[in-house]
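A look at the structure
For reference, the chains in residue letters:
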Amino acid sequence: NTGGILIPQFGSGEPYPSSILVSGLTNLQGSNLLVGKVTVTLNGFAHTFPHDVNMLLASPSGQELIFMGHAGGPYSATNLTLTFDDAATQSLPAGQLVSGTYLPTDYAPVDLFPELPPASSANVLALFDGSNPNGYWSLYVYDDTPGNAGVITGGWSLGLTALNSVNPAALLAASMIHSPDSVFGGNYLNYQITVSNMGPDLAESVVVTDTLPASVTFSSATVSQGSSTNMGDTVIFNLGSISNGASATATIQVITGAAGTIVNTATASTASTDLYLAASTAVNSATVVTPPPAYLEATNLVGTSVQITLVGGAGLNYAIQTSSDLLDWTAVLTNTASVSNGSFIYTDTRTNAPLRFYRAIRLPQ
């Protein structure tokens, strides 16, 4: 599109958006080819304060990527040719801009574009891989600070490499969340892994592999479809096939260890061709904190009874155990410490116990 784009002192570029219509990218059977690579070139970019300028590319399928934002600082730019390519070796500088080929670059803060939903958090043009190339590709230009203006005199160009996949082509996107946040050491931590197939075809034989951090202990696993297997510290989920646009979930429950930050990584794979492998790995960080200490207080009551008061963490689960030799322990009460004062009471009414030891252990919850 050779039409120029005016960048106002503040607000949306004119036109907003500037579009390119792609058509006819089909195979001999009439099916659409797939996007294999995307590049974007700005022809004749000029601005008196480039830091103000933000640019977003939207595909016909609706994916959105901010590929330029808050670069160039306060240094005036004139008649630059800027190409954005995932194969580039450098990001746009925060300082003086010069013509060249760059990685998509969006410095903080991330802007919201007028009339558009928040863009994806992706930072690579491979976001568009596997989508349908046919339709309108749109360039949105937005100046977020009053006072300076610019222009893209020669418009912009879109570079597309289209492919015809022999095998079914899928695009797996994996994400992971955890709960609770944060978690006491020794308590349960739950991970939920979601695997979505962004298409365009069926994702066959999807497998998720999660090698758990060394500081946690596996407890259980469930899946929304398929099956799970636990081999030591590695949990493997066989999710079967996931249709285009569908998702499957896998959950893992672990018992946490010492306080600190634990990082868990899960990777999804498929027997189909995965068009964007970077999206199939999910990384999650969780914080483990030291629980409050617990202790026991003993009081002799009238007769042969003894009252044991546990003082610990409010709302935490404990078991009081007894032993006569400090080797073999038997639980006599399991209870939850009061949320108001972190305590509860156990009264031992047994007789003929001249020597008895008591202890409390905290239970996972």
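Residues numbered from 1 in each chain as written. Predicted model: local features only at pLDDT ≥ 70, side-chain atom pairs only at ≥ 80, totals over all residues. Heavy atoms only, no water.

Strand order in this open sheet of 4 strands is β14-β16-β21-β18, and the pairing throughout is antiparallel. Since the sheet does not close on itself, it has two edges, and those belong to β14 (172-179) and β18 (217-223), each with one partner. Here the strands of the sheet are splayed against their neighbours by 20° on average, with no regard to which way each runs. (Pairing = 2+ DSSP bridges. Helix = DSSP H or I, 4+ residues; strand = E, 2+ residues; numbered from the N terminus. Axes fitted to C-alpha atoms, helices over the stretch in contact; angles between N-to-C directions.)

What follows deals with the nonpolar core. Counting 32 residues, the largest nonpolar core has L42, F45, M55, L57, F67, M68 and W156 as the members making the most contacts within it. Of all the secondary structure elements, the ones that give two or more residues to this core are β1 (5-7), β3 (18-22), β4 (34-47), β5 (53-58), β6 (64-69), β7 (77-84), β10 (135-143) and β12 (156-163). Examining the composition of this core, we find that 5 residues originate from one element, β4, more than from any other. In terms of nonpolar packing, the next biggest core, distinct from the first, is built from 28 residues, A170, Y191, A203 and I262 among them. (Core = buried A, V, L, I, M, F, W, Y, C linked by side-chain atoms within 4.5 Å. Buried < 20%, exposed > 50% of the residue type's maximum accessible area, 1.4 Å probe, protein only.)

Before going further, it helps to examine the pattern of salt bridges. This structure, assessed with the given rule, holds 2 salt bridges. Note that D348 is salt-bridged to R356, the shortest N-O span being 2.9 Å. By relative accessible area, which is 1% here, D348 ends up buried. R356 gets classed as partly exposed once you look at its relative accessible area, which sits at 23%. (Salt bridge = Lys/Arg side-chain N within 4 Å of Asp/Glu carboxyl O.)

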